[in-house]
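Descriptive analysis of the structure
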Amino acid sequence: MYYVDGHNPLAQFVLRDLQFAMFRTGVPWRCYSFADLPRLDMSPFKVVVLPNLFVVTPEKRKLLEEKLLRDGKTIVLPFAPGIITNGRYDPANIELLTGVKVDEVSRPPQPQRAIYKDRGEWTSVFLTRPQMPSSLLRDIFRKAGIHVYCEDDDPFYANDELIALHSGKGGERTFRLPEARKVKELFEDRTVSDLPVAEFTEVFEPMETRLYWLGRN
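Summarised in this report is the structure supplied together with it. All values reported here derive from a predicted model rather than from experimental measurement.

When helices and strands are counted, the chain shows 4 helices and 12 strands. Dimensions of the chain along its principal axes, counting C-alpha atoms only, are 60 × 35 × 25 Å. Within the chain, the fraction of its 217 residues that count as buried is 43%. For the chain, long-range pairs separated by at least 24 residues make up 59% of all intrachain contacts whose partners lie at least 6 apart in sequence. With the model as given, the accessible surface of the chain reaches about 12,200 Å², and the carbon-plus-sulfur share is 51%. Charged side chains of the chain number 30 positive and 31 negative; the gap between the two group centres comes to 4 Å.

Next comes the structure, spelled out in C-alpha coordinates:
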(Lines give C-alpha, C1' and ligand atoms only; values in the text may rest on other atoms or scores of the structure.)
Protein backbone atom coordinates (compact mmCIF):
# COMPACT_ATOMS: atom_id res chain seq x y z
CA MET A 1 0.00 0.00 0.00
CA TYR A 2 3.03 2.33 0.20
CA TYR A 3 2.80 2.51 -3.61
CA VAL A 4 -0.70 4.03 -3.33
CA ASP A 5 -1.48 7.52 -2.05
CA GLY A 6 -3.20 7.03 1.31
CA HIS A 7 -5.82 9.59 0.28
CA ASN A 8 -6.65 7.70 -2.90
CA PRO A 9 -10.07 5.97 -2.78
CA LEU A 10 -8.31 2.82 -3.98
CA ALA A 11 -6.95 2.28 -0.47
CA GLN A 12 -10.48 2.31 0.95
CA PHE A 13 -11.87 0.05 -1.79
CA VAL A 14 -9.35 -2.75 -1.28
CA LEU A 15 -9.10 -2.64 2.51
CA ARG A 16 -11.98 -1.12 4.51
CA ASP A 17 -14.77 -1.59 1.96
CA LEU A 18 -13.69 -5.15 1.21
CA GLN A 19 -13.95 -6.14 4.87
CA PHE A 20 -17.43 -4.66 5.14
CA ALA A 21 -18.45 -6.58 2.00
CA MET A 22 -16.96 -9.85 3.25
CA PHE A 23 -19.05 -9.72 6.43
CA ARG A 24 -22.15 -9.54 4.20
CA THR A 25 -21.38 -12.48 1.91
CA GLY A 26 -22.94 -15.09 4.19
CA VAL A 27 -19.78 -17.22 4.37
CA PRO A 28 -17.14 -17.71 7.08
CA TRP A 29 -13.82 -16.04 6.31
CA ARG A 30 -10.50 -15.01 7.81
CA CYS A 31 -8.19 -12.04 7.25
CA TYR A 32 -4.40 -12.39 7.11
CA SER A 33 -1.43 -10.28 6.17
CA PHE A 34 0.70 -11.46 3.26
CA ALA A 35 3.52 -11.61 5.81
CA ASP A 36 1.61 -14.42 7.58
CA LEU A 37 1.65 -16.61 4.48
CA PRO A 38 4.91 -18.53 5.05
CA ARG A 39 3.61 -20.04 8.30
CA LEU A 40 -0.03 -20.59 7.34
CA ASP A 41 -1.62 -23.90 6.37
CA MET A 42 -3.65 -22.86 3.32
CA SER A 43 -4.99 -26.35 2.52
CA PRO A 44 -8.48 -25.72 4.05
CA PHE A 45 -9.12 -22.63 1.91
CA LYS A 46 -10.87 -22.88 -1.46
CA VAL A 47 -10.79 -19.15 -2.30
CA VAL A 48 -8.20 -16.49 -1.50
CA VAL A 49 -8.70 -12.79 -2.20
CA LEU A 50 -5.49 -10.79 -2.73
CA PRO A 51 -6.87 -7.24 -2.81
CA ASN A 52 -3.67 -5.19 -3.03
CA LEU A 53 -1.03 -7.39 -4.64
CA PHE A 54 0.28 -4.52 -6.76
CA VAL A 55 3.94 -5.52 -6.33
CA VAL A 56 5.32 -8.98 -7.13
CA THR A 57 8.97 -9.73 -6.49
CA PRO A 58 10.67 -13.04 -7.35
CA GLU A 59 10.43 -13.93 -3.64
CA LYS A 60 6.69 -13.19 -3.58
CA ARG A 61 6.08 -15.14 -6.77
CA LYS A 62 7.85 -18.19 -5.32
CA LEU A 63 5.76 -17.96 -2.14
CA LEU A 64 2.54 -17.58 -4.15
CA GLU A 65 3.35 -20.70 -6.15
CA GLU A 66 4.24 -22.69 -3.04
CA LYS A 67 1.22 -21.70 -0.96
CA LEU A 68 -1.64 -20.44 -3.15
CA LEU A 69 -1.34 -21.04 -6.90
CA ARG A 70 -2.11 -24.74 -6.58
CA ASP A 71 -4.52 -27.43 -5.36
CA GLY A 72 -7.44 -26.17 -7.42
CA LYS A 73 -7.77 -22.93 -5.46
CA THR A 74 -9.62 -19.89 -6.80
CA ILE A 75 -7.52 -16.74 -6.44
CA VAL A 76 -9.32 -13.39 -6.72
CA LEU A 77 -7.07 -10.64 -8.11
CA PRO A 78 -8.68 -7.20 -8.45
CA PHE A 79 -7.70 -4.19 -10.55
CA ALA A 80 -3.91 -4.24 -10.99
CA PRO A 81 -2.33 -7.38 -9.51
CA GLY A 82 1.40 -7.60 -10.12
CA ILE A 83 1.48 -4.40 -12.15
CA ILE A 84 4.92 -3.79 -10.61
CA THR A 85 6.87 -6.98 -11.26
CA ASN A 86 10.61 -7.30 -10.76
CA GLY A 87 10.76 -3.56 -10.08
CA ARG A 88 9.11 -2.53 -13.38
CA TYR A 89 5.69 -0.87 -13.72
CA ASP A 90 3.87 -2.20 -16.77
CA PRO A 91 0.18 -3.13 -17.25
CA ALA A 92 1.40 -6.08 -19.30
CA ASN A 93 2.68 -7.59 -16.03
CA ILE A 94 -0.92 -8.25 -15.00
CA GLU A 95 -1.16 -10.98 -17.63
CA LEU A 96 1.84 -12.78 -16.15
CA LEU A 97 -0.16 -13.39 -12.97
CA THR A 98 -3.80 -13.51 -14.07
CA GLY A 99 -3.59 -14.80 -17.64
CA VAL A 100 -5.69 -11.79 -18.73
CA LYS A 101 -4.22 -9.33 -21.23
CA VAL A 102 -4.48 -5.74 -19.95
CA ASP A 103 -3.27 -2.90 -22.16
CA GLU A 104 -4.08 -0.06 -19.78
CA VAL A 105 -5.20 0.30 -16.17
CA SER A 106 -8.05 2.78 -16.47
CA ARG A 107 -8.78 5.24 -13.68
CA PRO A 108 -12.19 6.42 -14.93
CA PRO A 109 -15.21 4.26 -14.09
CA GLN A 110 -15.60 1.13 -16.17
CA PRO A 111 -17.86 -1.89 -15.75
CA GLN A 112 -16.83 -4.35 -13.06
CA ARG A 113 -16.23 -7.78 -14.61
CA ALA A 114 -14.99 -11.03 -13.14
CA ILE A 115 -12.81 -12.74 -15.76
CA TYR A 116 -12.06 -16.40 -15.03
CA LYS A 117 -8.93 -18.11 -16.35
CA ASP A 118 -7.95 -21.73 -15.88
CA ARG A 119 -4.28 -21.58 -14.88
CA GLY A 120 -3.78 -25.33 -14.67
CA GLU A 121 -3.45 -26.02 -10.95
CA TRP A 122 -5.53 -22.98 -9.96
CA THR A 123 -8.20 -20.59 -11.23
CA SER A 124 -7.56 -16.88 -11.63
CA VAL A 125 -10.46 -14.45 -11.19
CA PHE A 126 -9.36 -11.03 -12.44
CA LEU A 127 -11.61 -8.12 -11.47
CA THR A 128 -11.49 -5.08 -13.73
CA ARG A 129 -12.33 -2.68 -10.87
CA PRO A 130 -11.10 -2.49 -7.26
CA GLN A 131 -14.63 -2.34 -5.82
CA MET A 132 -15.83 -5.74 -4.57
CA PRO A 133 -19.49 -5.71 -3.48
CA SER A 134 -20.79 -8.62 -1.44
CA SER A 135 -23.01 -9.86 -4.29
CA LEU A 136 -20.01 -10.19 -6.61
CA LEU A 137 -17.91 -11.98 -3.99
CA ARG A 138 -20.79 -14.29 -3.04
CA ASP A 139 -21.15 -15.36 -6.68
CA ILE A 140 -17.41 -16.11 -6.89
CA PHE A 141 -17.54 -18.13 -3.66
CA ARG A 142 -20.56 -20.10 -4.79
CA LYS A 143 -18.92 -20.99 -8.12
CA ALA A 144 -15.87 -22.21 -6.18
CA GLY A 145 -18.04 -24.59 -4.15
CA ILE A 146 -18.17 -22.60 -0.91
CA HIS A 147 -21.31 -23.03 1.19
CA VAL A 148 -23.37 -19.84 1.54
CA TYR A 149 -25.32 -19.73 4.81
CA CYS A 150 -27.40 -16.61 4.16
CA GLU A 151 -27.89 -14.34 1.12
CA ASP A 152 -29.48 -11.22 2.59
CA ASP A 153 -26.42 -8.92 2.75
CA ASP A 154 -26.62 -8.63 6.54
CA PRO A 155 -23.50 -8.67 8.74
CA PHE A 156 -22.89 -12.37 9.36
CA TYR A 157 -20.47 -14.64 11.21
CA ALA A 158 -20.06 -18.41 11.22
CA ASN A 159 -17.77 -21.09 12.59
CA ASP A 160 -18.27 -24.81 13.15
CA GLU A 161 -20.63 -24.36 16.13
CA LEU A 162 -21.99 -20.80 15.97
CA ILE A 163 -23.65 -18.49 13.49
CA ALA A 164 -24.63 -14.87 14.13
CA LEU A 165 -26.52 -12.29 12.12
CA HIS A 166 -27.38 -8.61 12.61
CA SER A 167 -30.41 -7.38 10.70
CA GLY A 168 -30.69 -3.65 10.14
CA LYS A 169 -34.09 -3.67 8.41
CA GLY A 170 -35.58 -6.74 10.07
CA GLY A 171 -37.82 -9.33 8.46
CA GLU A 172 -37.50 -13.01 7.57
CA ARG A 173 -34.03 -14.49 7.28
CA THR A 174 -33.39 -18.02 6.04
CA PHE A 175 -30.27 -19.91 7.09
CA ARG A 176 -28.95 -22.93 5.18
CA LEU A 177 -26.48 -25.15 7.01
CA PRO A 178 -23.79 -27.38 5.47
CA GLU A 179 -25.30 -30.30 7.39
CA ALA A 180 -28.35 -30.89 9.58
CA ARG A 181 -27.89 -29.57 13.12
CA LYS A 182 -29.96 -28.85 16.21
CA VAL A 183 -30.37 -25.09 16.61
CA LYS A 184 -30.62 -22.92 19.72
CA GLU A 185 -30.69 -19.11 19.95
CA LEU A 186 -28.32 -18.20 22.79
CA PHE A 187 -29.24 -14.59 23.60
CA GLU A 188 -32.86 -15.58 24.31
CA ASP A 189 -32.00 -19.13 25.49
CA ARG A 190 -34.56 -20.37 22.97
CA THR A 191 -34.69 -23.69 21.12
CA VAL A 192 -35.24 -23.18 17.40
CA SER A 193 -35.20 -26.89 16.58
CA ASP A 194 -34.45 -29.81 18.88
CA LEU A 195 -34.24 -32.06 15.80
CA PRO A 196 -31.41 -31.68 13.28
CA VAL A 197 -32.37 -29.36 10.40
CA ALA A 198 -30.44 -28.22 7.34
CA GLU A 199 -32.47 -25.02 6.95
CA PHE A 200 -34.46 -22.70 9.22
CA THR A 201 -36.16 -19.32 8.97
CA GLU A 202 -36.41 -16.65 11.66
CA VAL A 203 -38.13 -13.26 11.83
CA PHE A 204 -35.88 -10.40 13.00
CA GLU A 205 -36.85 -7.05 14.44
CA PRO A 206 -35.05 -4.02 12.93
CA MET A 207 -31.54 -3.62 14.39
CA GLU A 208 -31.66 -7.06 16.02
CA THR A 209 -28.70 -9.41 16.48
CA ARG A 210 -29.04 -13.13 17.13
CA LEU A 211 -26.49 -15.81 17.95
CA TYR A 212 -27.26 -19.45 17.21
CA TRP A 213 -25.56 -22.57 18.55
CA LEU A 214 -25.47 -25.51 16.13
CA GLY A 215 -25.59 -28.79 18.00
CA ARG A 216 -24.61 -32.14 16.56
CA ASN A 217 -26.76 -35.25 16.77
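Here we come to helix H4 (residues 134-143). Three or more residues of H4 are buried, namely Ser134, Leu136, Leu137, Arg138, Ile140 and Phe141. Glycine 145 sits one or two residues past H4 and shows a positive phi near 90 degrees.

A few words now on the pattern of salt bridges. According to the stated counting rule, one finds 20 salt bridges in the structure shown. As a salt-bridge pair, aspartate 36 and arginine 39 come within 3.1 Å of each other at their nearest N and O atoms. One connected set of salt bridges, linked through shared partners, spans Glu188, Arg190, Glu202, Glu208 and Arg210.

Time to look at the environment of proline 28. As for its placement among the helices and strands, proline 28 is situated in the loop between helix H1 (9-22) and strand S1 (47-49). In this structure, the C-alpha to C-alpha distance between proline 28 and alanine 158, residues 130 residues apart in sequence, is 5.1 Å.

Secondary-structure assignment places leucine 63 in helix H2 (residues 58-67). It is 9.8 Å that separates the C-alpha atoms of leucine 63 and phenylalanine 34, two residues lying 29 residues apart in sequence. Among all residues touching leucine 63, those that are not within four sequence positions of it are Phe34, Leu37, Pro38 and Leu68.

Let's shift gears to the packing of aromatic side chains. Within the structure shown, the criterion is met by 7 aromatic pairs. With a centroid separation of 4.9 Å and an interplanar angle of 25 degrees, the aromatic rings of phenylalanine 175 and phenylalanine 200 are classed as stacked. Taken as a pair, phenylalanine 175 in strand S10 (residues 171-185) and phenylalanine 200 in strand S11 (residues 190-204) lie far apart in primary sequence, 25 residues in all. Per residue, the accessibility class of phenylalanine 175 equals that of phenylalanine 200, and both read buried. Centroid distance phenylalanine 175 to phenylalanine 204: 6.3 Å. Interplanar angle 45 degrees. Geometry classified as tilted. Here phenylalanine 175, found in strand S10, pairs with phenylalanine 204, found in strand S11; they are 29 residues apart in sequence, far enough to count as distant. As far as burial versus exposure is concerned, phenylalanine 175 and phenylalanine 204 are alike and both buried. An aromatic cluster of at least three residues, connected via ring pairs, comprises Phe175, Phe200, Phe204 and Tyr212. Here the basic side chain of lysine 60 rests over the ring of phenylalanine 34, its NZ or CZ set 5.2 Å away from the ring centre.

Rules of the game
Residues numbered from 1 in each chain as written. Predicted model: local features only at pLDDT ≥ 70, side-chain atom pairs only at ≥ 80, totals over all residues. Heavy atoms only, no water. Helix = DSSP H or I, 4+ residues; strand = E, 2+ residues; numbered from the N terminus. Buried < 20%, exposed > 50% of the residue type's maximum accessible area, 1.4 Å probe, protein only. Contact = heavy atoms within 4.5 Å. Areas by Shrake-Rupley, 256 points an atom, 1.4 Å probe, with all protein chains shown as cover. Lys, Arg positive; Asp, Glu negative; His and termini not counted. Charge placed at Lys NZ, Arg CZ, Asp CG, Glu CD. Salt bridge = Lys/Arg side-chain N within 4 Å of Asp/Glu carboxyl O. Phe/Tyr/Trp six-rings, centres within 6.5 Å; stacked < 30°, edge-to-face > 60°. Lys NZ or Arg CZ within 6 Å of the ring centre and 35° of its normal.

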